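Structural overview for review
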Amino acid sequence: QSGLHHQPQPPSRCERGKSVACFGTQKNPTAGFRMLKDLSDIVGVFHQGYSKTPKIVKIVDCFVVFAITVAVLQYAYMCMFGSFPYNAFLGGFFCSTGFAVLTVCFRMQLDTKGDSKPANLEKVFADYCVACVFLFFVAISYVG
C-alpha cells in the first residue's frame with residue numbers, strides 16, 4: 001500500500017478482436033488461410049495479365065531483373081567484404097542501377113497499350129543503345 005495504483009493496460013491490437021494479422025496470437029486461424037487465398041488470387045490475376053504481354057517486353061523484363069540482381073549482389077558483396085576500391089563499387093553499382101533505369105524506360109516505350117500510335121522500334125532501340133554506351137563510358141571514366 002505504498003500509494004501506487006495498478007492501472008490496467010489497454011488491450012493490444014491483437015486482443016481487440018479486429019482483423020489484424022498478428023502472428024502467434026491470432027485467435028482466428030482461418031485468417032491466415034484467407035490471406036494466402038488473397039495472395040494466390042493476386043498472383044493468378046498478375047499471371048493472367050502478364051501472359052498477354054508480348055515476348056519482346058518479357059525479354060526486356062528479364063534484363064531489368066538481371067540488372068537489379070547484379071546491383072543487389074554488388075551491394076551485398078560490399079557489405080560483407082568491405083569497399084576497398086570504393087570508386088569501383090560506386091561505378092559498378094551506379095552502372096547496374098542506371099542500366100536498370102534505362103531498360104525500364106526502354107520497356108515503357110515498347111509497351112504502348114494506351115497510345116494510339118506505336119513507337120518506331122528501330123529509333124527507340126538506337127536511343128537505348130546510345131544511352132547505355134554513354135552510361136558505360138561515364139562509369140568507366142569514373143573508375144579511372
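Everything below is about the structure printed above this text.
Below is a summary of the structure that appears in this document.

Reading the values: the criteria
Residues numbered from 1 in each chain as written. Predicted model: local features only at pLDDT ≥ 70, side-chain atom pairs only at ≥ 80, totals over all residues. Heavy atoms only, no water. Helix = DSSP H or I, 4+ residues; strand = E, 2+ residues; numbered from the N terminus. Contact = heavy atoms within 4.5 Å. Disulfide = S-S within 2.5 Å. Salt bridge = Lys/Arg side-chain N within 4 Å of Asp/Glu carboxyl O. Phe/Tyr/Trp six-rings, centres within 6.5 Å; stacked < 30°, edge-to-face > 60°. Buried < 20%, exposed > 50% of the residue type's maximum accessible area, 1.4 Å probe, protein only.

Now for the environment of Cys95. If you trace the backbone, Cys95 turns up in helix 3 (residues 86-110). Spatially, the C-alpha atoms of Cys95 and Cys132 are 9.1 Å apart, while their sequence positions differ by 37 residues. Those residues within four positions of Cys95 in sequence are excluded, and the remaining contacts are Leu135, Phe136 and Ala139.

Here a disulfide denotes one covalent bond, and it connects the sulfur atoms of two cysteines. Here the structure, examined in full by the defined rule, presents zero disulfides. No disulfide involves Cys95; its nearest neighbouring cysteine sulfur is the one of Cys132, lying 8.6 Å away.

Summed over the entire model, instances satisfying the criterion amount to three salt bridges. The partner of Lys37 in a salt bridge is Asp41, with the nearest N and O atoms 3.2 Å apart. Taken as a pair, Lys37 and Asp41 lie in helix 1 (residues 30-50) at a separation of four residues, close to a single helical turn. Between Asp61 and Arg107 there is a salt bridge; the shortest N-O distance is 2.4 Å. Residue Asp61 is found in helix 2 (residues 55-81), and its partner Arg107 is found in helix 3; the two are separated by 46 residues along the sequence.

What follows deals with the packing of aromatic side chains. Applying the stated criterion to the full structure yields 11 aromatic pairs. Judged by centre distance (5.9 Å) and plane angle (40°), the ring pair of Tyr86 and Phe89 falls under tilted. Placement of the pair is Tyr86 and Phe89 together in helix 3, with a separation of three residues, close to one helical turn. Residue classification places Phe89 among the buried positions, given a relative accessible area of 13%. Ring centres of Phe125 and Tyr128 lie 6.4 Å apart, and the angle between their planes is 40°; this geometry places the pair in the tilted category. Of this pair, Phe125 and Tyr128 are both found in helix 4 (residues 121-143), three residues apart, which corresponds to roughly one turn of the helix. A residue is classified by how much of its surface remains accessible, and Tyr128, at 12% relative accessible area, is buried. Among the aromatic residues, ring-to-ring pairing joins Tyr75, Tyr86, Phe89, Phe93 and Phe94 into one connected group.

That's the geometry; what it means functionally is another story.
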